[in-house]
Number of protein chains: 2
Amino acid sequence: MITRKIRFSSQTTAFYFNASFSALKELVPQKTTVIITDENIFSVHQKRFKGWNTIVLKAGEEYKIQATVDSVIAQLIEMKADRNWTLVGVGGGVITDLTGYIASIYMRGISFGFVPTTVLAMVDAAIGGKNGIDVGVYKNMVGVIRQPQFLLYDTSFLKTLLDADWCTGFAEIIKHAAIKDAPMFKELEESAIINFQRKAPALQKLIQRNALLKTKVVQLDEFELNQRKLLNFGHTLGHAIENQYQLMHGEAVAIGMCFATRLSEELLGFKGAGRLVKVIDRYGLPVQADYDKDKVFKVLSSDKKREDDAINFILLQRIGKGVIEKVKLKQLYKFL
Amino acid sequence: MITRKIRFSSQTTAFYFNASFSALKELVPQKTTVIITDENIFSVHQKRFKGWNTIVLKAGEEYKIQATVDSVIAQLIEMKADRNWTLVGVGGGVITDLTGYIASIYMRGISFGFVPTTVLAMVDAAIGGKNGIDVGVYKNMVGVIRQPQFLLYDTSFLKTLLDADWCTGFAEIIKHAAIKDAPMFKELEESAIINFQRKAPALQKLIQRNALLKTKVVQLDEFELNQRKLLNFGHTLGHAIENQYQLMHGEAVAIGMCFATRLSEELLGFKGAGRLVKVIDRYGLPVQADYDKDKVFKVLSSDKKREDDAINFILLQRIGKGVIEKVKLKQLYKFL
């Protein structure tokens, strides 16, 4: 087990890489901890949850809503969970987003930790303290920013991950490489998902590298006033099409990255579009999609990143160098 | 207008005492501000809201619930409110609690300010960043701690305040005096509500003194790890009976203070019980009540301040000196 402690504004978060789920007992007392997970994970890993208080939710982004929050809070009250209890989210991004949000508002905030069980959650969703729920078609419209007490990485959870979920996780890994890490981008160009699925050490190294890359960006700008915005590369259009067309998050982000790449060519003279599209395709992700221009534009206009008649869009100057650019809504509409 | 700026952990809050509501225009841009108020305040002060985006809620604690939050968020989305907008709660504690909570979770947090319109909100409810909603019979079960950008004090709002609401505000003033300010307690013993209603300067001075007393306690212990707990004097039993018996907040706190006073006599040999009960009575508040012991005990057992089989209870050593004592639930039950 490799331990790294990272200080945020009001919380130190411990990262336990190459760890085993069974180590959770040493991190939190079983009696005053509630594990929140979904029915898919629970049915596959039932044994691991023995002895833990557990709340099992229905699986899927469509349950990342207020009704689920209401139900969990009612169960916590029923369990007599007090301010000294801890919630532990064991699952993908939906579970960690919900768990972090519920822990942040229950009794005005209790402790929480995560055991991410997907590539996506391990390298991205579970990191950075952003949590919350969707409201109608608007993703993450409600939430807070609050850091977990710990993240425990047990890659054995990935053994049962579907291929499509591996791809969606790699969308964020490609994103990290594109905006911040040209050497990693080159490694991705020369490898493939199957290599990481077969070699645990290579996978663990890649996950740790990505988790710490994201953590470093968040640490410098926890409340997203500046550099943290870079992590939205591919996500602005991505979020606008994800729920409407029931895409997987990684698919939506992949399409969003391709769109942002074309914008980068047009507005910044970016030269690496071919390489980026090729890598996205290599990792089993879509590079284009049909969507209703007006419908998507309506959602874009309500994006959290909008300021008056413009959106802060993330573009690429070169591979490994993302930049934040104000793009007028009008200009975007023309380009959709 | 008297301005005092107070630094909290992640926000500086500006207090504008002896101010006029019309000064709000100078604090926030009308175009990107939404005032949240209730139908009582709106109908009496309609003129003041001209030119402002306004969301008018039904009045009363029974609307301090998730359904109201859902409705306001839907309206904010409809108004296309973005991260740079500001919410201003104009009202009593229910409105400021709701406004602070909604601003803290909408788009993961936008700015907010308060114009408290009751004595209770001016000296207590609007101060300290605690916000949230009730869940069933459990008061403030869900919420966060986040400080407002400003509080604007315009005592002309108090002209239409009902006598019962004056009393409820004075319950918190008496509480402040009992736990922290013996000289103020003496002044209260020698005065009466009517004196403050008739003399604006005396009222403004008393409100400012209480607002800053509470602010100082909060500033030293924003997240209620220690000294801030003193402000719960009278509130532990108070909250347990308030919603169940549909008491006014001040009535419930007054009964709670009398209960805590008897406990203080028993456990700490406190000598000032007679004086405290007399002042509570002098300011038009009840000093006892009939309640269902078992029902109340059940709610007490779910109190946020409970830790295992005990509750941190606030008792008095002497007038002006509150202390935090762990009291076993069993002991409490016997005393109810």
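Above: the structure in question.
Just so it is clear, the structure is predicted and the values come from calculations on it, not from any experiment.

Here is what the cut-offs are and how they apply
Residues numbered from 1 in each chain as written. Chains lettered and ligands numbered in written order. Predicted model: local features only at pLDDT ≥ 70, side-chain atom pairs only at ≥ 80, totals over all residues. Heavy atoms only, no water. Least-squares fit on C-alpha atoms with pLDDT ≥ 70 in both. Contact = heavy atoms within 4.5 Å. Core = buried A, V, L, I, M, F, W, Y, C linked by side-chain atoms within 4.5 Å. Buried < 20%, exposed > 50% of the residue type's maximum accessible area, 1.4 Å probe, protein only. Buried area = accessible area lost by both parts, 1.4 Å probe. Salt bridge = Lys/Arg side-chain N within 4 Å of Asp/Glu carboxyl O. Polar contact = N/O pair within 3.5 Å; in protein donor to acceptor, adjacent residues only side chain to side chain. Axes fitted to C-alpha atoms, helices over the stretch in contact; angles between N-to-C directions. Helix = DSSP H or I, 4+ residues; strand = E, 2+ residues; numbered from the N terminus. Parallel < 35°, antiparallel > 145°, perpendicular 65-115°, else oblique. Left-handed = near helix turned anticlockwise from the far one by under 90°. Pairing = 2+ DSSP bridges. Arc of directions from axis to C-beta. Patch = residues over 30% accessible without salt bridge, like charges linked within 9 Å, V, L, I, M, F, W, Y side chains within 5 Å. Areas by Shrake-Rupley, 256 points an atom, 1.4 Å probe, with all protein chains shown as cover. Lys, Arg positive; Asp, Glu negative; His and termini not counted. Charge placed at Lys NZ, Arg CZ, Asp CG, Glu CD.

**Q** So what exactly am I meant to see when it comes to the relation of the copies chain B and chain A here?
**A** If you rotate chain B by 180° and push it 0.0 Å along the axis, it lands on chain A with an RMSD of 0.0 Å. Taken together, the rotation and translation relating the two chain copies correspond to the operation of a two-fold axis. Comparing interface residues between copies, 100% of those in chain B also lie at the interface in chain A; the contact surface is shared.

**Q** Is there a simple way to explain the nonpolar core in this structure?
**A** Note on soluble globular proteins: their nonpolar side chains tend to be buried together. Membership of the largest hydrophobic core comes to 205 residues, with the highest contact counts inside it found for I174 of chain A together with I174 of chain B. When near neighbours in sequence (up to four residues on either side) are disregarded, I174 of chain B contacts F185, L188, M257, L276, V279, I280, Y283 and L285 of chain B.

**Q** Would you mind showing me how to read the interface of chain B and chain A here?
**A** Listed by partner, the interface residues are 32 residues for chain B and 32 residues for chain A. Overall, the association of chain B and chain A removes approximately 3000 Å² of surface from exposure, summing both partners, and the carbon and sulfur fraction of that is 54%. When residues of chain B are sorted by the area they lose upon contact with chain A, R83, R108 and K304 of chain B head the list and together hold 24% of the total. In this assembly, chain B and chain A are joined by two salt bridges. Between R83 of chain A and E224 of chain B there is a salt bridge; the shortest N-O distance is 3.8 Å. One can count seven residue pairs in polar contact (both at pLDDT 80 or more) joining chain B with chain A.

**Q** Honestly, the packing of helix 3 (residues 66-78) of chain B against helix 4 (residues 93-105) of chain B in this entry has me stumped. Any pointers?
**A** For any two helices packed against each other, the geometry comes down to the angle between their axes and how far apart the axes lie. All names here are of chain B. Across the interface, helix 3 lies against helix 4 with an axial gap of 11 Å and an inter-helix angle of 55°. The pairing of helix 3 with helix 4 is recorded here as oblique in orientation. Where helix 3 crosses over helix 4, the handedness of that crossing is right-handed. In contact with T68, V69, V72, I73 and L76 of helix 3, helix 4 contributes L98, Y101, I102 and I105.

**Q** I'm lost on the sheet that holds strand 1 (residues 2-7) of chain B in this one. Help?
**A** Whether parallel or antiparallel, the strands of a sheet pair through hydrogen bonds between backbone atoms. All names here are of chain B. If you walk across this open sheet you meet the seven strands as 1-2-9-6-5-3-4, and the pairing is mixed. Looking at the sheet topology across the chains shown, the edges are occupied by strand 1 and strand 4 (53-57). Pairwise comparison of adjacent strand axes, ignoring direction, gives a mean angle of 20° for this sheet. Bridge analysis of strand 6 (residues 111-116) against strand 9 (residues 150-152) gives two bridges, and the strand direction is parallel. For F114, the partnering residue across the bridge sits in strand 9 and is L151. Contacts between helix 4 and the sheet are confined to strand 3 (33-38), strand 4, strand 5 (86-91) and strand 6, with strand 5 contributing the most and set at about 170° to the helix.

**Q** Would you explain the side chain of T118 of chain B in this entry?
**A** Residues and elements named next belong to chain B. Assignment of secondary structure puts T118 in the loop between strand 6 and helix 5 (119-125). Here the side chain of T118 touches A121 through a polar contact of 2.9 Å, landing on its backbone nitrogen. Ignoring sequence-local partners within four residues, the contact set of T118 consists of G92, L158 and L161.

**Q** So what exactly am I meant to see when it comes to the pattern of salt bridges here?
**A** Side chains that carry opposite charge are capable of pairing whenever their charged atoms lie near each other. Under the counting rule described, the total for this entry stands at 30 salt bridges over all chains. Note that K64 of chain A and E61 of chain A form a salt bridge whose closest N and O atoms lie 4.0 Å from each other. Here R275 of chain B and E189 of chain B are joined by a salt bridge, their closest N and O atoms 2.8 Å apart. Of the two residues, R275 of chain B sits in helix 12 (residues 273-282) while E189 of chain B sits in helix 7 (residues 182-190), which places them 86 residues apart along the sequence. Through salt bridges with shared partners, a single ionic network connects E61, K64, D97, D134, K139 and E242 of chain A.

**Q** Can you walk me through the environment of S104 of chain B in this structure?
**A** Within the element layout of this structure, S104 of chain B appears in helix 4. S104 of chain B sits in the buried class, given a relative accessible area of 3%. The residues touching S104 of chain B, leaving out its near neighbours within four places in the chain, are G143 and V144 of chain A together with G109, F112, N131, V144 and R146 of chain B.

**Q** Looking at this structure, I do not really get the pairing of strand 7 (residues 130-135) of chain A. What am I missing?
**A** The side chains of a regular strand alternate, first on one face of the sheet and then on the other. Residue and element names in this part refer to chain A. As paired strands, strand 7 and strand 8 (residues 138-145) are joined by five bridges and run antiparallel to one another. Note that in strand 8 the partner of K130 across the bridge is I145. Following strand 7, the chain reverses through two residues before pairing antiparallel with strand 8; G136 in that reversal takes a positive phi of roughly 60°.

**Q** Please clarify how the environment of G60 of chain B should be interpreted in this entry.
**A** Assignment of secondary structure puts G60 of chain B in the loop between strand 4 and helix 3. When the C-alpha positions of G60 of chain B and S191 of chain B are compared, they lie 30 Å apart, and in sequence the two are 131 residues distant.

**Q** Whenever I open this one, the sheet that holds strand 11 (residues 310-318) of chain B confuses me. Can you help?
**A** Residues and elements named next belong to chain B. Pairing is antiparallel in the open sheet, where three strands are placed in the order 10-11-12. Either end of the sheet is taken by a strand with one partner, and the two such strands are strand 10 (306-307) and strand 12 (321-328). Relative to strand 12, strand 11 runs antiparallel, the two being bridged by eight bridges. Pairing of L316 across the sheet is with G322, part of strand 12. Along the sheet face, helix 11 (residues 249-268) touches strand 11 and strand 12 and points at about 80° away from the line of strand 11.

**Q** Looking at this structure, I do not really get unusual backbone geometry. What am I missing?
**A** Generally, phi is negative for residues other than glycine and the peptide bonds are trans, each holding for most cases. For E224 of chain A, which is not glycine, the phi dihedral falls at a positive 55°. Structurally, E224 of chain A is set in the loop between helix 9 (200-220) and helix 10 (235-242). Note on E224 of chain A: relative accessible area 6%, which makes it buried. Its identity is not glycine, yet K80 of chain B carries a phi of approximately 60°, on the positive side. Structurally, K80 of chain B is set in the loop between helix 3 and strand 5.

**Q** I keep staring at helix 12 of chain B and nothing clicks. Help me out?
**A** Because an α-helix packs 3.6 residues into every turn, residues spaced three or four apart end up facing the same way. Residue and element names in this part refer to chain B. Among the residues of helix 12, those classed as buried are A273, L276, V279 and I280. An end-on view of helix 12 places all buried positions within 135° of arc, on one side of the element. Facing away from the buried surface of helix 12 by more than 90 degrees, the exposed residues are G274, K278 and D281. Contact partners of the buried residues in helix 12: helix 6 (163-180), helix 7, helix 11 and strand 11.

**Q** Quick question: what am I supposed to make of a positive patch on the surface here?
**A** Residues and elements named next belong to chain A. Taken together, the side chains of K180, K216, R318 and K321 present a region of like positive charge at the surface. Turning to its location among the elements, K321 is positioned in strand 12 (residues 321-328). Judged by relative accessible area, which is 33%, K321 ranks as partly exposed.

Honestly, that's just the spatial picture; any functional story needs more than this.
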